[in-house]
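# Chain and residue survey
Listed here are the chains, written in short residue letters.
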Amino acid sequence: MSADSRLTPLATAHSLVGFTTCACLLVFYAAGEPFGILNDIGNAALGVLSLVLARRLPAPIPAQADIGSALVRRGLLLAAAAVGAALTVVGTVLVLSGVTGFYLAGLWSSLGFALIGIWLIGVRGVLPGVVMLLGLVGIPGILTGLDDMNNVPPWIFVAGVSWAGTYLLFPTWSLRLARQHRAEGVG
């Protein structure tokens, strides 16, 4: 099975994990556990699947690009996705181990997805990538250890908007990618 033939099931799985993780969060707010824990695990899984997707779908090389600079660009985008994926796992570990509460762990995870958003913009997933970049707004909250929603400055709540990119726009983009590759007969 070639890398291209694995793209369709990978993009489909990525999409399903994203939508399911979002659904778990919504059900958690309505019904409680174990859906919060499932959401936390889903965040890490979505981050790792995002990295696998980034490895399978490198940034396109413009027609008139210098091949050396294009390879550096691809490497930097993949590095952003790799660091981002690691941070999504860090967020999950922080909350599941009880080291932090959900808010600070969520800031770590949203920072991770913001870095994945950099890669996504590089592969022309502009809208979801830009929305995911809003997770960068949470960096001051991470640096100061903000973990009580009652003491969070209102502007840091903007980082929460990034989850719309992570849970809705990015999985939708992945589903379209899977359909496009299936239609092209690539995978």
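As shown above, the structure is provided for reference.
Residues numbered from 1 in each chain as written. Predicted model: local features only at pLDDT ≥ 70, side-chain atom pairs only at ≥ 80, totals over all residues. Heavy atoms only, no water.

## Digging into helix 3 (residues 67–96)
The first and last C-alpha atoms of helix 3 sit 44 Å apart over 30 residues, in line with the 44 Å expected at 1.5 Å per residue. Every buried residue of helix 3 is listed here: Ala70, Leu77, Ala80, Ala81, Gly84, Ala85, Leu87, Thr88, Gly91, Thr92, Leu94 and Val95. Contacts from the buried residues of helix 3 go to helix 2 (35–56) and helix 4 (102–122). Looking one or two places after helix 3, you find Gly98, whose phi comes out positive at around 80°. (Helix = DSSP H or I, 4+ residues; strand = E, 2+ residues; numbered from the N terminus. Expected span 1.5 Å × (residues − 1). Buried < 20%, exposed > 50% of the residue type's maximum accessible area, 1.4 Å probe, protein only. Contact = heavy atoms within 4.5 Å.)

## A look at a nonpolar patch on the surface
A contiguous nonpolar surface patch, about 450 Å² in accessible area, is contributed by Tyr29, Phe102, Met149 and Phe157. The residue Phe157 is located in the loop between helix 6 (139–144) and helix 7 (162–183) in this model. Assessed through its relative accessible area of 36%, Phe157 is described here as partly exposed. (Patch = residues over 30% accessible without salt bridge, like charges linked within 9 Å, V, L, I, M, F, W, Y side chains within 5 Å. Areas by Shrake-Rupley, 256 points an atom, 1.4 Å probe, with all protein chains shown as cover. Salt bridge = Lys/Arg side-chain N within 4 Å of Asp/Glu carboxyl O.)

## So, the layout of surface pockets
One number sums up the size of the largest pocket: a volume of about 610 Å³. As for the largest pocket, its lining consists of 27 residues, and the residues nearest its centre are Leu25, Tyr29, Phe102, Tyr103 and Gly106. Counting residues per element, the ones that place at least two in the lining of the largest pocket are helix 1 (7–31), helix 2, helix 3, helix 4 and helix 7. Among the elements that line the lining of the largest pocket, the one with the most residues is helix 4, at seven residues. For the lining of the largest pocket, the per-class residue count stands at 16 nonpolar, nine polar and two charged. Secondary structure elements with two or more residues in the lining of the second largest pocket: helix 5 (126–133) and helix 7. Counted by class, the lining of the second largest pocket contains 10 nonpolar, three polar and three charged residues. (1 Å grid on protein atoms, 1.4 Å probe; cavity = no way out; pocket = protein on both sides within 12 Å on 5 of 7 lines; lining within 4 Å. Points joined across faces, edges and corners; volume = space filled by probe spheres on them. Nonpolar A, V, L, I, M, F, W, Y, C, P; charged D, E, K, R; others polar.)

## Focus on the nonpolar core
By size, the foremost hydrophobic cluster in this structure holds 24 residues, and its most contacted members are Leu53, Trp119, Leu120, Phe170, Trp173 and Leu177. Elements with a minimum of two residues in this core: helix 1, helix 2, helix 3, helix 4 and helix 7. If you tally residues by element for this core, the top one is helix 7, at six residues. Not counting the four nearest positions on each side in its chain, Trp119 is found in contact with Leu53, Ala54, Leu57, Leu77, Ala81, Phe170 and Trp173. (Core = buried A, V, L, I, M, F, W, Y, C linked by side-chain atoms within 4.5 Å.)

## Focus on the packing of helix 2 against helix 4
In contact at an axis separation of 11 Å, helix 2 and helix 4 are set at 25° when each is read in the N-to-C sense. Taken together, the axes of helix 2 and helix 4 are roughly parallel relative to one another. Crossing geometry of helix 2 relative to helix 4 is assigned as left-handed. Contact residues: Asn43, Leu46, Gly47, Ser50, Leu53 and Ala54 in helix 2; Phe113, Ile116 and Trp119 in helix 4. Here the residues of the contact of helix 2 with helix 4 sort into six nonpolar, three polar and no charged. (Axes fitted to C-alpha atoms, helices over the stretch in contact; angles between N-to-C directions. Parallel < 35°, antiparallel > 145°, perpendicular 65-115°, else oblique. Left-handed = near helix turned anticlockwise from the far one by under 90°.)

## Side note on unusual backbone geometry
Cis geometry marks the peptide bond from Glu33 to Pro34; its omega dihedral reads 15°. Structurally, the position occupied by Pro34 is in the loop between helix 1 and helix 2. Positive phi values are uncommon outside glycine, yet Arg124 reaches one of about 70°. Tracing the chain through its elements places Arg124 in the loop between helix 4 and helix 5.

Scope: geometric values only; no functional claims are made or implied.
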